[in-house]
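Descriptive structure summary
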Amino acid sequence: TPNMAIVPLADLSRFDLAKVHAGIEEIRRFNPQRHEMEQLSAIVHFSLDEGLAIARRDVRSDEFWVRGHIPGRPVFPGVLMIEASAQLATYYYKHYFPDLVERFMVFRGADDFRFRGQVVPGDTLYMLARGASLKPRMGKFDVQGIRNGEVVFEGIILGAPT
């Protein structure tokens, strides 16, 4: 059906999104990205029992991409939404396999991504990740991004420890 609403991986109204499960320093313990490539503002919910991680991304007007993507009408690049999802998936994977926490996670793929809305400076984007298939040699995650209650992207992230 055209324009059919996409079902979120989780109902965000069930969670206290102001609560911080892990701030930037805790995220850095698991993810190597730094400076302008850090794409998570905070982990707001994390539960291996539920198989769910939720991160917040505060999209600011002073970010490196704003000036050129697109001048006069900045739009958060889809490739950075994919990167943010991969960073959330890495955080989840390294908690699922704590013996692999020191290993570097390589990006193995992004499948079936669809972008359904724009994210602009001033927006808060919530990324959701659910482990679809988690093995010591490869992780596969269903991911989504939600802004203002609407799914703005969805896809599958693949990663592997090296």
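Throughout what follows, the structure given in this document is the object of discussion. Each chain has its residues counted from 1, following the order in which its sequence is written. Owing to the predicted nature of the model, reporting of local features is limited to residues with pLDDT of at least 70; listing and counting of side-chain atom pairs is limited to 80 or more, with chain, interface and lining totals taken over all residues. Hydrogen atoms and water are omitted, and side-chain values are computed over all heavy atoms in the structure.

In this section: the side chain of Ser-47. Helical segments are the DSSP runs of H or I of at least four residues, strand segments are the runs of E of at least two, and each set is numbered from the N terminus. Its location among the elements puts Ser-47 in strand β1 (residues 42-47). For Ser-47, the side chain forms a polar contact with the main-chain nitrogen of Glu-50, separated by 3.0 Å. Pairs of N or O atoms within 3.5 Å make up the polar contacts considered here, provided that, within protein, one atom can donate a hydrogen while the other can accept it, and that residues adjacent in sequence are counted only when both atoms are side-chain atoms.

Take the environment of Tyr-92 next. Inspection of the secondary structure assignment puts Tyr-92 in helix α2 (residues 78-96). The class of Tyr-92 is buried, set by a relative accessible area of 2%. A sequence separation of 47 residues divides Tyr-92 from Gly-139, and the C-alpha atoms of the two residues are 9.6 Å apart. A contact between two residues is defined here by any heavy atoms of the two lying within 4.5 Å. Other than its neighbours up to four places away in sequence, Tyr-92 contacts Phe-46, Leu-48, Gly-51, Leu-52, Ala-53, Ala-129, Gly-131, Leu-134 and Phe-141. The buried label applies to any residue whose accessible area, calculated with a 1.4 Å probe on protein chains only, is under 20% of its type's maximum; exposed applies above 50%, and partly exposed to all values in between.

Under the pairing criterion, centres of Phe, Tyr and Trp rings, with the six-membered ring standing for Trp, must be within 6.5 Å; the plane angle then separates stacked pairs below 30 degrees from edge-to-face pairs above 60, leaving the rest tilted. The full count for this structure, using the stated rule, is 11 aromatic pairs. Judged by centre distance (4.9 Å) and plane angle (75 degrees), the ring pair of Tyr-96 and Phe-97 falls under edge-to-face. Taking the relative accessible area as the measure of exposure, Tyr-96 reaches 38% and is therefore partly exposed. Through a chain of ring-to-ring contacts, three or more aromatic side chains come together here, namely Phe-30, Phe-46, Tyr-91, Tyr-92, Tyr-93, Tyr-96, Phe-97 and Phe-141.

Let's shift gears to the pattern of salt bridges. Pairs may arise between side chains of opposite charge once their charged atoms sit close together. Take a side-chain nitrogen of Lys or Arg and a carboxyl oxygen of Asp or Glu: if they are within 4 Å of each other, that pair is a salt bridge. Counted according to the given criterion, the structure contains 8 salt bridges. Across the pair Arg-28 and Glu-25 runs a salt bridge whose closest N-O atoms are separated by 2.6 Å. On the criterion of helical spacing, the pair formed by Arg-28 and Glu-25 is a turn pair, its members being 3 residues apart in helix α1 (residues 24-28). For Arg-28, a relative accessible area of 28% translates into the label partly exposed. Taking relative accessible area as the criterion, Glu-25 reaches 53% and is therefore assigned exposed. We note a salt bridge from Arg-57 to Glu-63, for which the minimum N-O separation is 2.6 Å. Each member of the pair, Arg-57 together with Glu-63, is buried. Salt bridges sharing partners connect three or more residues here, namely Glu-25, Arg-28 and Glu-38.

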